[in-house]
Structures are given as C-alpha cells and as structure tokens.
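# Chain and residue survey
Listed below are the residues making up each chain.
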Amino acid sequence: ETGVTQSPTHLIKTRGQQVTLRCSSQSGHNTVSWYQQALGQGPQFIFQYYREEENGRGNFPPRFSGLQFPNYSSELNVNALELDDSALYLCASSSRQGKIPYEQYFGPGTRLTVT
Amino acid sequence: DQQVKQNSPSLSVQEGRISILNCDYTNSMFDYFLWYKKYPAEGPTFLISISSIKDKNEDGRFTVFLNKSAKHLSLHIVPSQPGDSAVYFCAASSGNAGNMLTFGGGTRLMVKP
C-alpha cells in the first residue's frame, strides 16, 4: 500500500510568483486535505477536496486554490506569493468510511521558502 | 484566536518515567480529539484519539484523558522510551466541520536514556 506522497520536497520562490504543490493520496482514499505549518506552529487547515470539489475551507485568502483529479491526487496553488507564505505544506488523505473524523494520513510535506 | 493550545513548547523526561503532555481548547463544539506525533522530515502520524463522550482512552503505553468541564486533555506515555522523542500535536474536530482538524502548536518531547 503506497502512502501519501508530495512533490517537490523543497521549493524556493520569489515574492509575487505563483507556485503549485502536488499530492498523491494513499491508495483507496478519496478525500484530500491541505494544511500549512509555519515554523514553530501547528498545522493550519487550508481546505479539503472530496470528489473533485472543495468541501470545506479554513481562514485562507482566495489566492490559495486547489484541484482534485479523478485519480484523487491533488494540487495546491498559491498566487502572488508573500513572505508569510513560507511554511511546510502538508497534504493528508482519508477515506470517507467509518466514523468522523475520518482518519487522515499525512505526507512528508513540501517546504516552501519565499524570498 | 487559537482554539487549541499546547502551553508547553518542550518537555524533557528520563527514560522509563511518565511523560504528560497537556492541551487546552476553547471551542465547546469540539467533540473529537486526537494526538499526532511528528518526526523531522516526516508528516504527522496518528497516535490516539478520544470522543467527547468518554473521559479516558488507552492504547498500550499511551493514554489520553479528557476533562470536558475544564476543556483540557492530556496524553500520558508510560514508560517513556527514547524513540518517543518527537513533536506531539493535539488536534480537535467537531461533527459540524466534518473532517477539518484544528491543531495546537505542538510540544517537543525529549526522552533521555
């Protein structure tokens, strides 16, 4: 069983640029959530995708957007990068079976640095 | 407004002794609580959870206690082992918010041999 994978591992971008982060969910999982973890803080929920539609969003501006594909993989896009966007971006996949909250399996994250 | 707080950024414990990690929350709508463990360069991994209808849940060396009136939960690790050294996150969710988790800031646990 393949776990959650994310690419790239590390990324350096300049303020104002756009970035796309990718996530492959665990086999059999149809729900993907994205979290931002700033240095020294806990992960903060960005949004969740289920059946290719956004299904819940945290307190993040519209320049954070996402996609989920038919194979349940997902992308996180961030436009007009700001210095405060520097963080570890975590993807978590889950299967909508069993009790809520559905157990989430996290990938290793993408470390984004904005200069 | 931080709805889930872990007030101790770090904790150091001797191997074999008990580790107690604490977490406070403010949102009374939270009805499910989880603990995650995170090693460097890895994503958080699920450790143990508790529903708000219970006050204790045990899994091997790990026990989570929930005090709803105080809006406080704690994770006990007995006995602590050097391999337990990691960052521990407390997280909470409410049925209304579906699968969204609200995390605390984490506590770095160091277990000394």
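Residues numbered from 1 in each chain as written. Chains lettered and ligands numbered in written order. Predicted model: local features only at pLDDT ≥ 70, side-chain atom pairs only at ≥ 80, totals over all residues. Heavy atoms only, no water.

### A few points about the overall build of chain A
For chain A, the count of helices and strands is 0 helices and 11 strands. In chain A, the order of α-helices and β-strands from amino to carboxyl end is β-β-β-β-β-β-β-β-β-β-β. Here chain A has a C-alpha radius of gyration of 13 Å; the compact-globule value for 115 residues is 13 Å, and the two agree. By its C-alpha atoms, chain A is 40 × 30 × 25 Å across when sized along the principal axes. Burial analysis of chain A (115 residues in total) assigns 49% to the buried set. When the accessible area of chain A is evaluated, it comes to approximately 5700 Å², of which 45% is carbon and sulfur surface. When the 9 basic and 9 acidic side-chain charges of chain A are each reduced to a single mean position, those positions are 3 Å apart. (Helix = DSSP H or I, 4+ residues; strand = E, 2+ residues; numbered from the N terminus. Rg over C-alpha atoms; globule rule 2.2 N^0.38 Å. Buried < 20%, exposed > 50% of the residue type's maximum accessible area, 1.4 Å probe, protein only. Areas by Shrake-Rupley, 256 points an atom, 1.4 Å probe, with all protein chains shown as cover. Lys, Arg positive; Asp, Glu negative; His and termini not counted. Charge placed at Lys NZ, Arg CZ, Asp CG, Glu CD.)

### Remarks on the nonpolar core
Counting 23 residues, the largest nonpolar core has Phe33, Trp35, Leu73, Leu75 and Tyr88 of chain B as its most contacted members. Of all elements in the fold, only β3 (19-25), β4 (32-38), β5 (45-51), β7 (62-67), β8 (72-77), β9 (86-93) and β11 (107-112) of chain B reach the threshold of two or more residues within this core. The element contributing the most residues to this core is β9 of chain B, with 4 residues. Val4, Cys23, Leu81 and Cys91 of chain A belong to the second-largest nonpolar core, a separate cluster that totals 19 residues. (Core = buried A, V, L, I, M, F, W, Y, C linked by side-chain atoms within 4.5 Å.)

### Some points on the side chain of Asn30 of chain A
All names here are of chain A. As for its placement among the helices and strands, Asn30 is situated in the loop between β3 (19-24) and β4 (31-37). At a separation of 3.0 Å, a polar atom in the side chain of Asn30 contacts the side chain of Thr31. Not counting residues within four places of it along the chain, the set of residues in contact with Asn30 comprises Tyr49, Tyr50, Arg51, Gln68, Tyr72, Ser94, Ser95 and Arg96. (Polar contact = N/O pair within 3.5 Å; in protein donor to acceptor, adjacent residues only side chain to side chain. Contact = heavy atoms within 4.5 Å.)

### Some points on the interface of chain B and chain A
Counting residues at the interface gives 18 residues for chain B, matched by 20 residues for chain A. Buried area between chain B and chain A, both sides added, is near 1500 Å², and the carbon and sulfur share of it is 62%. The interface formed by chain B and chain A holds 0 salt bridges in total. For the side of chain B that touches chain A, the secondary-structure elements that each account for two or more residues are β4 and β9 of chain B. Broken down by element, the side of chain B that touches chain A gets its largest block of residues, 4 residues, from β4 of chain B. Looking at the side of chain B that touches chain A residue by residue, the class counts come to 10 nonpolar, 6 polar and 2 charged. (Buried area = accessible area lost by both parts, 1.4 Å probe. Salt bridge = Lys/Arg side-chain N within 4 Å of Asp/Glu carboxyl O. Nonpolar A, V, L, I, M, F, W, Y, C, P; charged D, E, K, R; others polar.)

### What about the confidence of the model for chain A?
Overall, the predicted model of chain A reaches an average pLDDT of 92, with 95% of residues at or above 70. At the level of individual helices and strands, chain A shows its lowest average pLDDT in strand β6 (residues 53-57) of chain A, which scores 90, and its highest in strand β11 (residues 110-114) of chain A, which scores 98. (pLDDT = per-residue confidence, 0-100.)

### What about the pattern of salt bridges?
All names here are of chain B. Under the defined criterion, the tally for this structure stands at 6 salt bridges over all chains. For Asp84, the salt bridge goes to Arg61, with nearest N and O atoms at 2.8 Å. Here Arg61 lies in the loop between β6 (56-59) and β7 and Asp84 lies in the loop between β8 and β9, a separation of 23 residues in the sequence. Classification of Arg61 by relative accessible area gives partly exposed; the value is 22%.

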